[in-house]
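# Remarks on the overall topology
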Amino acid sequence: MSARQSAVSSLGMERTILTGALLLDGTGAPPVAGRAVVVEHGRISAVVSTSEAPSGTTLRLDGLTLLPGLVNMHVHLCFGGEADPAASLQRDPQALTVIKAALRARQTVEAGVTTVRDLGGREYAELSVRDAIRQGLIPGPRVLCAGKGICMTGGHGWNLIGREADGPDDARKAVREQLKAGADVIKIFATGGVMTPGVEPNSAQLTLDEVRAAIEEARKAGRRTAAHAMGGDGIANCLEAGITTIEHGVFLTEALCARMARDGVALVPTLIAPAAIAAGGVAAGISEYAVRKSLAVADRHLEGFRLALRAGVPIAAGTDAGTPLNPHGTLVPELALMVKGGMTPGAAIHAATAAAARALGLEHETGRIAPGLAADLLAVDGDPAERVEALDDVRLVMAQGRIVVNRLK
């Protein structure tokens, strides 16, 4: 690291004032001008009018929009987004997996994504990356890890990121193993899916008793839970047992959406994951069974998202990054599909900031520009509340007060 880079990265740990930008605070309110954001010791100490800004190192953001660092609710740092990520993962030695995951974490934070939830890796390699970031050894987003997802024997995920469990007692033990390994969140596989051969997305897998036991064990330890849940019966089991978030939600119904809205269960739609597989197809080297299943669920997936949107289900943005042709970094392809499905650009940004932070239980730490929260900040050229593609024109990224990207003129 050069002396200049070192000096830049330390900005924000003392008093830094960001001024001149339109401010999009993450709450869903429209952008406002004439505000200055004061950062001290890695946190936002004040949001004041420009005329009231205190002295300190000033970063001029004229012509840009300043918003909270983005949150990606569903990533796999150990997967690289190749046409066949499983083959690449199985070919690499474990040490190389850790190095590649660290590079993907850096790519992610440099895209303005300052928090991610990793929902399955390889023998806890992603937890090592999380810990290295927390210790300040490498740049990256705040990472919450699930470790291995709990699946039935032969169920979705068994051959790559799952821990097979049969019966409530074994499900409890499987959760305890993830907690012992250091998991921040617990993931379960409630239904079949696209990327495992021999299972179908609409089939329920873990039983209600197994789901209930896993969630109860997680709750005892103060952990939230995420469910890979595509089919209606599997989603219903998760809602009955008290899940925190539903991932994918392909076959949602009006009744299921009404219950999610009532109970505050968030949907992480990951629309881009099957869409990327369907678009690439077997010609790109993707497995035939994955392409077939992705094509079969594509229309229903968007319909389920629209049902959730109309019902008032909390929606949090996640990409399933690392799956075929679905690289790490930008959230824009997912947010664009959410807008295509009926969200306004402003609502999509809310889903990738404050709403996502709330689903993670981090609403008092990140997701908004407000005093007391971590200085997770992103400045882009243009107004993403009008056009989400502006989020790809990154000019400044600050993660917990440290500047990791500075392209200011």
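The paragraphs below set out a description of the structure included in this document. (Residues numbered from 1 in each chain as written. Predicted model: local features only at pLDDT ≥ 70, side-chain atom pairs only at ≥ 80, totals over all residues. Heavy atoms only, no water.)

A few words now on the overall build of the chain. The secondary structure content of the chain amounts to 13 helices and 18 strands. In summary, the chain has a C-alpha radius of gyration of 21 Å against a globular reference of 22 Å for 409 residues, a match within 12%. Along the first, second and third principal axes, the C-alpha atoms of the chain reach 60 × 45 × 45 Å. Looking at the chain as a whole, 56% of its 409 residues qualify as buried. Contacts spanning at least 24 positions in sequence make up 69% of the contacts within the chain whose residues lie at least 6 apart. Carbon and sulfur atoms make up 52% of the accessible area of the chain, which totals about 15400 Å². Charge separation in the chain, taken as the distance between the mean sites of 41 positive and 43 negative side-chain charges, equals 3 Å. (Helix = DSSP H or I, 4+ residues; strand = E, 2+ residues; numbered from the N terminus. Rg over C-alpha atoms; globule rule 2.2 N^0.38 Å. Buried < 20%, exposed > 50% of the residue type's maximum accessible area, 1.4 Å probe, protein only. Contact = heavy atoms within 4.5 Å. Areas by Shrake-Rupley, 256 points an atom, 1.4 Å probe, with all protein chains shown as cover. Lys, Arg positive; Asp, Glu negative; His and termini not counted. Charge placed at Lys NZ, Arg CZ, Asp CG, Glu CD.)

Now for the layout of surface pockets. Over the atoms rolls a probe the size of a water molecule, and in doing so it shows where empty space is left. Considering only enclosed or pocket space, the second largest pocket measures out at about 420 Å³ in volume. In terms of lining residues, the second largest pocket is bounded by 30 residues, among which His 156, Val 194, Met 195, Thr 196 and Thr 323 are the most central. Secondary-structure elements contributing two or more residues to the lining of the second largest pocket are helix H2 (85-91), strand E12 (185-189), helix H9 (272-280) and helix H10 (288-311). When its residues are assigned to classes, the lining of the second largest pocket shows 14 nonpolar, 13 polar and three charged. (1 Å grid on protein atoms, 1.4 Å probe; cavity = no way out; pocket = protein on both sides within 12 Å on 5 of 7 lines; lining within 4 Å. Points joined across faces, edges and corners; volume = space filled by probe spheres on them. Nonpolar A, V, L, I, M, F, W, Y, C, P; charged D, E, K, R; others polar.)

Tracing the backbone shows Glu 217 in helix H6 (residues 208-220). For Glu 217, a relative accessible area of 5% corresponds to the buried category. For Glu 217, the side chain forms a polar contact with the side chain of Arg 172, separated by 3.0 Å. Beyond its immediate sequence surroundings of up to four residues, Glu 217 is in contact with Arg 172, Val 175, Arg 176 and Leu 179. (Polar contact = N/O pair within 3.5 Å; in protein donor to acceptor, adjacent residues only side chain to side chain.)

Time to look at the state of the cysteines. By definition, a disulfide links the sulfur atoms of two cysteine residues through a covalent bond. Counting across every chain of the model gives zero disulfides. Cys 78 forms no disulfide, and the closest cysteine sulfur to it belongs to Cys 145, at a distance of 8.6 Å. In this structure Cys 78 comes out as buried when scored by relative accessible area, which is 4%. Considering cysteine sulfurs only, Cys 238 is the nearest to Cys 151, which forms no disulfide, with 14 Å between them. Residue classification places Cys 151 among the buried positions, given a relative accessible area of 0%. (Disulfide = S-S within 2.5 Å.)

Side chains of Leu 96, Ile 99 and Leu 103 sit close together on the surface and give an oily, nonpolar patch of about 270 Å² of accessible area. The topology assignment puts Ile 99 in helix H3 (residues 94-110). (Patch = residues over 30% accessible without salt bridge, like charges linked within 9 Å, V, L, I, M, F, W, Y side chains within 5 Å. Salt bridge = Lys/Arg side-chain N within 4 Å of Asp/Glu carboxyl O.)

Let's shift gears to the sheet that holds strand E18 (residues 402-406). Sheet architecture is open: five strands sit in the order E2-E6-E16-E17-E18, paired in mixed fashion. The sheet is open, and its two borders are formed by strand E2 (22-23) and E18, each paired with just one other strand. Strands in contact with H3 are strand E17 (394-399) and E18; relative to E17, the strand with the most contacts, it is inclined by about 115°. (Pairing = 2+ DSSP bridges. Axes fitted to C-alpha atoms, helices over the stretch in contact; angles between N-to-C directions.)

With that settled, consider the environment of Ala 308. For Ala 308, the position within the fold is in helix H10. For the pair Ala 308 and Cys 257, spaced 51 residues apart in sequence, the C-alpha separation works out to 5.4 Å. In contact with Ala 308, not counting residues within four places along its chain, are Leu 252, Cys 257, Leu 267 and Val 313.

On to the pattern of salt bridges, then. The final tally for this structure, using the stated rule, is 26 salt bridges. For Arg 163, the salt bridge is made with Glu 177, and the minimal N-O distance between the two is 2.9 Å. Highlighted residues: Arg 163 in strand E11 (residues 162-164) and Glu 177 in helix H5 (residues 168-181), separated in sequence by 14 residues. The buried category is assigned to Arg 163, whose relative accessible area is 14%. Accessibility expressed as a relative area gives 29% for Glu 177, which makes it partly exposed. Across the pair Arg 292 and Glu 200 runs a salt bridge whose closest N-O atoms are separated by 3.6 Å.

Our next topic: empty space enclosed by the protein. The final tally for this structure, using the stated rule, is one cavity of 30 Å³ or more. Empty space within the largest cavity amounts to approximately 60 Å³. Among the residues forming the lining of the largest cavity, the class breakdown is four nonpolar, three polar and four charged.

Don't take any of this as a statement about function, it's just geometry.
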